[in-house]
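Structural characterization, general
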Amino acid sequence: MRIDVYFTPDSVTQKKIDGRQVVVIDALRASSTIVTALANGARAVIPVSESAMAVEVRTKLGSEHVLLGGEQGGIKIENFDLGNSPLEYKSEVVNDKIVAMSTTNGTRPFTMFRYNRAVRVGSFLNLSATVKQICASGLDLAFICSGNNGDFSLEDTLVAGGIIDKLADSTISEIELNDSAKLAALHFSANRDRLLESFQESEHGKRLVSLGFSDDVTYCARIDVFDISPQFEDGQISISDPLDLSAGDTLPSGGLPIKGLEL
Ligand code: MLT
């Protein structure tokens, strides 16, 4: 299996990911928040590139069904229901809801490319489930790290390295890594016993601590809290098949009108 890591979305081209299994990582915090929301019962997360589009999703699907989540500069967006702290996405808040989410870096990779197969959301919280899924797909793999405002980020690289480390112990044979993937694996191997410290030393980790989100950093550094591998398909991230947002169906719970969601 060929495994390529891309440290930022801007270093990816469509050609580089065509035909690949893609895993998107924004360890602090979007991936971890998405995984938590879905594990706690959200029906789907719809990642969008701008906050106004999240509002549009809510208008189209109905405010009773949609929560607005996300951040700008790490802080909850004005008039949104939730910020980007995974700790906010408790089951009593998100159960049975669709979350329209806009964040600075983490939602971007979902909106920048055309994907011809389901994309996985990777984090420490669901590391083993992600590995299981990658092994099942058997396809060559590309990690898109969301990075930090266009720059390399230590924390996304650490998670990519953790997944590669576990893949190396799996049944997959003949793993071939690009230089970035080798670096990610080395970074993980040097920090495997100090994941939290490594997150705390990263630029974004320090910023989150300074903003009062130190508990989020601790939370996101935990391995295998959830046994789920959310997939991005048809514009939505979910654990099961994507909701049919264009066929005029209604959802069993609450009769959500889902016809013709076009943004
Ligand atoms: C992002 O998408 O840029 C991050 O998840 C920022 C954050 O920590 O909220």
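The paragraphs below set out a description of the structure included in this document.

Counted by the stated rule, this structure contains 6 aromatic pairs. Look at Phe 110 and Phe 232: their rings are 5.0 Å apart centre to centre, the planes differ by 55°, and that puts the pair in the tilted class. Within this pair, whereas Phe 110 is found in helix H5 (residues 108–112), its partner Phe 232 is found in strand E10 (residues 231–233), the two being separated by 122 residues in sequence. Here Phe 110 matches Phe 232 in class, with each residue buried. An aromatic cluster is present here, built from Phe 110, Phe 113, Tyr 115 and Phe 232 joined pairwise through their rings.

Before going further, it helps to spend a moment on empty space enclosed by the protein. Tallied over the full model, the rule gives 1 cavity of 30 Å³ or more. Reported here for the largest cavity is a volume of approximately 40 Å³. Looking at the largest cavity, the residues that line it are Gln 14, Ile 17, Asp 18, Arg 20, Val 22, Arg 114, Tyr 115, Asn 116 and Arg 117. Across the lining of the largest cavity, the residue classes break down as 3 nonpolar, 2 polar and 4 charged.

In this structure, the second largest pocket occupies an estimated 190 Å³ of space. Lining the second largest pocket are 16 residues, with Glu 71, Gly 74, Thr 104, Asn 105 and His 204 sitting closest to its centre. A total of 3 residues in the lining of the second largest pocket trace back to one element, the largest contributor, which is helix H10 (residues 203–210).

Conventions adopted
Residues numbered from 1 in each chain as written. Predicted model: local features only at pLDDT ≥ 70, side-chain atom pairs only at ≥ 80, totals over all residues. Heavy atoms only, no water. Phe/Tyr/Trp six-rings, centres within 6.5 Å; stacked < 30°, edge-to-face > 60°. Helix = DSSP H or I, 4+ residues; strand = E, 2+ residues; numbered from the N terminus. Buried < 20%, exposed > 50% of the residue type's maximum accessible area, 1.4 Å probe, protein only. 1 Å grid on protein atoms, 1.4 Å probe; cavity = no way out; pocket = protein on both sides within 12 Å on 5 of 7 lines; lining within 4 Å. Points joined across faces, edges and corners; volume = space filled by probe spheres on them. Nonpolar A, V, L, I, M, F, W, Y, C, P; charged D, E, K, R; others polar.

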